[in-house]
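Close look at the chain arrangement
The primary structure of each chain is shown beneath.
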Amino acid sequence: MGCLGNIIWMIAGGIISAISWLAVGCLWCLTIVGIPIGLQCFKMAGLSFMPFGKDVVRDQDGLGNFLLNILWILFGGLELAIMHLFFAAILAITIIGIPFAKQQFKLAILSFTPFGARVVPSDTVYMDIR
């Protein structure tokens, strides 16, 4: 089901989302300081291109991730989050589009604060040991 979902996803806005993430990542990589942020954008472009069968796990909290998320929100994250919310609203109009809207909502949350998150396959059992 994940493969079929990803194929339909590409038609329903996944390519546009992935290209947006790639463009923002390339802009961040123009500066040496922005390379870690650009690399994170490239990871999110991969998730945005094929989101079915993948989950997002938040497991790294710290001052560095907090500061990067604040910097990210100010310089690119807010625009990407609004784009994903716009696509989610359009896709949620139809019954068939609801699973795709859920993926867009997942990406909207992730595009607002991407640092401290990991992408794992859905069938992976993840245990939080603290």
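Everything that follows concerns the structure shown earlier in this document.
Below: a short report on this structure. (Residues numbered from 1 in each chain as written. Predicted model: local features only at pLDDT ≥ 70, side-chain atom pairs only at ≥ 80, totals over all residues. Heavy atoms only, no water.)

1. Notes on the side chain of Q40
Tracing the sequence through the fold places Q40 in helix α2 (residues 35-49). The exposure class of Q40 is buried, given its relative accessible area of 10%. Discounting chain neighbours no more than four positions away, the residues touching Q40 are P114, F115 and A117. (Helix = DSSP H or I, 4+ residues; strand = E, 2+ residues; numbered from the N terminus. Buried < 20%, exposed > 50% of the residue type's maximum accessible area, 1.4 Å probe, protein only. Contact = heavy atoms within 4.5 Å.)

2. Focus: a nonpolar patch on the surface
On the surface, L63, F66, L67, I70, L71, L74 and F75 cluster together to form a nonpolar patch covering roughly 720 Å² of accessible area. Along the chain, I70 falls in helix α3 (residues 63-91). (Patch = residues over 30% accessible without salt bridge, like charges linked within 9 Å, V, L, I, M, F, W, Y side chains within 5 Å. Areas by Shrake-Rupley, 256 points an atom, 1.4 Å probe, with all protein chains shown as cover. Salt bridge = Lys/Arg side-chain N within 4 Å of Asp/Glu carboxyl O.)

3. Side note on the side chain of N69
Tracing the backbone shows N69 in helix α3. Residue class for N69 comes out buried when judged on its relative accessible area of 10%. The residues touching N69, leaving out its near neighbours within four places in the chain, are T113, P114 and F115.

4. Digging into α3
In this model, α3 (29 residues) spans only 36 Å end to end at C-alpha, well below the 42 Å of a helix rising 1.5 Å per residue. At I73, α3 shows its largest bend, some 65 degrees. Those residues of α3 that sit buried are N65, N69, W72, G76, G77, L80, A81, M83, H84, F87, A88 and L91. (Expected span 1.5 Å × (residues − 1). Bend = angle between axes of the 7 residues up to and from the residue.)

5. Some remarks on the nonpolar core
Residues W21, V24, W28, C41, W72 and L80 are the most contacted members of the largest nonpolar core, which totals 22 residues. Elements with a minimum of two residues in this core: α1 (2-28), α2, α3 and α4 (98-112). Other than its neighbours up to four places away in sequence, V24 contacts C41, W72 and L80. (Core = buried A, V, L, I, M, F, W, Y, C linked by side-chain atoms within 4.5 Å.)

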